[in-house]
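So you can see what is in the structure, the chains are spelled out below.
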Amino acid sequence: MPRGGWGRQGFRAFSWICGDWGVAKVLRAAGGRRAYGGGVEVHLVPCLKDNYAYLLHLPGSSDAIVVDASEEGPVLAELERLGLTPRAILATHHHVDHVGGNEGVLARYPGVKVFGYQTDRGRIPGQTDFLEDAQEFDVAGIGVKALHIPGHTLGAVAYVAEGAAFTGDTLFAAGCGRLFEGTAAQMYESLNLKLGALPDDTRIYCGHEYTLSNLRFAESLEPNNVAIATKLAWAQAARDKGEPTLPSTLREERMTNPFLRVAEKDVVAKVNERLAQDRSPQAVLAAVRAMKDAF
């Protein structure tokens, strides 16, 4: 995996179009430079084994936001390469593989604000701002909204900005994070109600390159899902070329992510033997997550 980041290179345009027979068709084409919403540019920075940090800035501006400074080396190198100065670090949660680079970035750029959820006080290095659910703020000229999305951890936050959502380890492409601190009910609400309320074309930038393994699991639950098979083939080709599989879109996730499809009969059937009296979507999600833990 390259260490210099993938910058603004376009990897694919992914759109779903319903044909005359109502069958979802997938069209993928090489994209151009990435520019979303009001023109905010997003740069992917590979870190550690399979993490991603992200750099956001307005075109022509040197002021930047860092999302999840996993480790200082790649983040600082990419900031320097792009001629960017960080004004804030947005931490999606407190795990060290997402905040391990905070202190290094702060040592190079003193005075950078560090945002995280209010209950992560003392767990995110250098945290200066303690967010509430749905809190909005501006930094580096970019408007950001924080969504509290517990499940993976109790203080997990998604940052929504300019048509993109940075979801950390809560919502992955075709998956979700393990339930380390939260409950299945919390994860269901975070995925299906909180993040699920965002527009279909919201770009999903998550914390890890887990797409291939997630899609293989999704295919095991829904072997007849054409959308999953198509995206799996595309993702394999992308990884074979050393390219990332991100961003996804919320529309893609609704069609391929089993944790957003817990009401689908094929998904329910796969976990039927694991369900007792409680057959709610939350119980199905818990059963699917347990299957994924052992996959």
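Residues numbered from 1 in each chain as written. Predicted model: local features only at pLDDT ≥ 70, side-chain atom pairs only at ≥ 80, totals over all residues. Heavy atoms only, no water.

1. A closer look at the overall build of the protein chain
Okay, so step 1: Looking only at helices and strands, one finds nine helices and 16 strands in the protein chain.
Okay, so step 2: A buried classification covers 55% of the 295 residues belonging to the protein chain.
Okay, so step 3: Within the protein chain, contacts between residues at least 6 apart in sequence are counted, and of these 60% link residues at least 24 apart.
Okay, so step 4: When the accessible surface of the protein chain is split by element, carbon and sulfur atoms take 49% of a total near 12,200 Å². (Helix = DSSP H or I, 4+ residues; strand = E, 2+ residues; numbered from the N terminus. Buried < 20%, exposed > 50% of the residue type's maximum accessible area, 1.4 Å probe, protein only. Contact = heavy atoms within 4.5 Å. Areas by Shrake-Rupley, 256 points an atom, 1.4 Å probe, with all protein chains shown as cover.)

2. Describing the packing of aromatic side chains
Okay, so step 1: Evaluation of the coordinates by the stated rule reveals seven aromatic pairs.
Okay, so step 2: Between the aromatic rings of phenylalanine 166 and tyrosine 205, the centroid separation amounts to 5.0 Å while the plane-to-plane angle is 15 degrees, which identifies the pairing as stacked. With a gap of 39 residues between them, phenylalanine 166 in strand E12 (residues 164–168) and tyrosine 205 in strand E15 (residues 203–206) connect regions that are remote in the sequence.
Okay, so step 3: With a relative accessible area of 1%, phenylalanine 166 lands in the buried category.
Okay, so step 4: Looking at tyrosine 205, the relative accessible area reads 1%, which means it is buried.
Okay, so step 5: In this structure an aromatic cluster arises from ring pairing among Tyr52, Tyr54, Phe166 and Tyr205. (Phe/Tyr/Trp six-rings, centres within 6.5 Å; stacked < 30°, edge-to-face > 60°.)

3. Some points on the pairing of strand E3 (residues 41–47)
Okay, so step 1: Here E3 lies mainly inside the structure; seven of its seven residues are buried.
Okay, so step 2: With burial as the criterion, each face of E3 is covered, one bearing Glu41, His43, Val45 and Cys47 and the other bearing Val42, Leu44 and Pro46.
Okay, so step 3: The sheet contact formed by E3 and strand E4 (residues 51–57) spans seven bridges and is antiparallel. Bridge pairing in E4 places proline 46 opposite tyrosine 52.
Okay, so step 4: In this antiparallel pair of consecutive strands, E3 and E4, the connection spans three residues, and leucine 48 shows a positive phi of 50 degrees. (Pairing = 2+ DSSP bridges.)

4. A look at the side chain of serine 70
Okay, so step 1: Relative to the helices and strands, serine 70 is located in the loop between strand E5 (63–67) and helix H1 (72–82).
Okay, so step 2: Setting aside chain neighbours within four positions, we find serine 70 in contact with Cys47, Leu48, Asn51, Tyr52, Ala53, Val96, Asp97, His98, Gly100 and Gly101.

5. Description of the sheet that holds E12
Okay, so step 1: Strand order across the open sheet formed by six strands is E9-E10-E11-E12-E15-E16, with mixed pairing between neighbours. Each end of this open sheet is capped by a strand with a single partner; those strands are strand E9 (136–139) and strand E16 (248–249).
Okay, so step 2: Bridging between E12 and E15 involves four bridges; their strand directions are parallel. By the bridge assignment, phenylalanine 166 is partnered in E15 with tyrosine 205.

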